[in-house]
Amino acid sequence: MNTLPRLIVVLGPTASGKSALGIEIARRIGGEILVCDSTQVYRYFDIGTAKVPAGAQKGIPHHLVNLVEPTELFTAGDFRRCALEALGDLRSRGKVPVLTAGTGLYLRALLEGLSEAPVRSEELRERLRCRARLHGPEYLHRLLARLDAAAAHRIAPRDAQKVIRAIEIRVLAKKSVGEVHGAGRLPLEGYEILKLGLNPPREALYARIHARIDSMLAEGWLEEVRRLIDAGIPHEAKPFQFIGYSELRAHLQGTMPLAEAIQKIRLATRNFAKRQLTWFRREPRVHWLSGFGDAPVTLDQAFALISSPLLSD
RNA sequence: GGACGGGUGGGUGAGUGGCUAAAACCAGCAGACUGUAAAUCUGCCGCUCCUUGCGGGCUACGGAGGUUCGAAUCCUCCCCCGUCCA
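The sections below set out a description of the structure shown in this document.

Of note, Ala15 is a non-glycine position whose phi angle comes to about 70 degrees, a positive value. Position of Ala15 among the secondary structure elements: in the loop between β1 (6-11) and α1 (18-29). Exposure remark for Ala15: the 25 C-beta atoms within 10 Å place this residue in the buried category. Even without a glycine there, the phi angle at Lys174 is positive, about 60 degrees. Mapped onto the fold, Lys174 is located in the loop between α7 (160-173) and α8 (177-182).

Spelled out as structure tokens, the structure:
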């Protein structure tokens, strides 16, 4: 009775084996991979963002990777637009989209949609930051309180990033954030969505994170960073702020011993994995699997779910 | 063998008689998050009990004693660690 095309989401923290599981699924059910990751959209930053090398893709096309130059800014809204386009493309070719998702916000932007809110304005932001420098760190929050008390109440005074975004919405839309968001969003429709979540034991996950960092270095991560620096990519470029890239750049520039850089990368990655889990735990209707995505047991569990006919929700 | 310096909660490390379950930072755990999200921010963080309260009890600053109404803080002895002298 259900004739909707399927969409499979594989979500989980870094190093949990999303790519391996996603590829295996795509292979068996005639799918292609849609990467839902805020870092892999940047070109040339390959090893440290854990892009699946062409040789390991097993012939499965990977989309939504290498979309922009390092000096560009890519946002959740951009992701949504690109992803919708990719979905349309797969649909026209009868391929099942398999999303491997590490960036919760991007996944939500695609599945739930985004409100009709103004796009980020660099000019406005620069003005705000300038005034914040003059009047102190909590000035912007006081400003927001005057413009939109409800929004100010929801955002912590020190959360400058979210405070700025709220002011931006209020000023550019000339409506309160509540009104803008309350107007609703357009969720993705027309798919039977199956979400598989990977949640291996915490200790094992952390151990694997450490091991993966080591293998990234063994694969030439440091050399990649050196090439990116030599290519003249400025250090303010967004991908140079990603975990690992900033530390390794500091090391190559002589301000940080390699051992220290590695320790920092491990720590930052662990913390990141934890935040990912916090986000994904709230994701509705996820079928959680307790192993790594490349474990045979996990694969079996995943396929049991995929082939179960009573699984529309 | 002698002279100093030091041993504090998972780690680093403040504290030199009561305001100290003990600063701060880190780690860890939990949470928030609709266009920077690998971002940004918040809470908890000795154990335990309940009538969950700026509540009660217990344990804690190397060990054992002691001084004191009261000690991580003072005294004695002992054990470790570091530096220097022999």
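All right, on to the environment of Gly184 then. As for its placement among the helices and strands, Gly184 is situated in the loop between α8 and β5 (192-198). Look at Gly184 and you get exposed, because 9 C-beta atoms sit within 10 Å. It is 45 Å that separates the C-alpha atoms of Gly184 and Glu219, two residues lying 35 residues apart in sequence.

Across the sheet, six strands lie side by side as β3-β2-β4-β1-β5-β6; this open sheet has parallel pairing. Since the sheet does not close on itself, it has two edges, and those belong to β3 (62-63) and β6 (286-289), each with one partner. In the sheet, strand β2 (residues 31-36) pairs with strand β4 (residues 96-101) via six bridges, with the strands oriented parallel. Bridge pairing links Glu32 to Pro97 in β4.

Within the structure, RNA strand B sits among 44 residues, and Ser38, Thr39, Gly77, Ser115 and Ala156 are positioned closest to it. Elements with a minimum of two residues in the surface near RNA strand B: α2 (76-92), α3 (104-111), α7 and α12 (258-281). Of all the elements, α12 adds the most residues to the surface near RNA strand B, at 10 residues. Its residues assigned to classes, the surface near RNA strand B comprises 16 nonpolar, 15 polar and 13 charged.

Definitions and cut-offs
Residues numbered from 1 in each chain as written. Chains lettered and ligands numbered in written order. Predicted model: local features only at pLDDT ≥ 70, side-chain atom pairs only at ≥ 80, totals over all residues. Helix = DSSP H or I, 4+ residues; strand = E, 2+ residues; numbered from the N terminus. Buried ≥ 20, exposed ≤ 12 C-beta atoms within 10 Å, placed from the backbone. Pairing = 2+ DSSP bridges. Near = placed C-beta within 6 Å. Nonpolar A, V, L, I, M, F, W, Y, C, P; charged D, E, K, R; others polar.

Coordinates in, geometry out; function isn't part of it.
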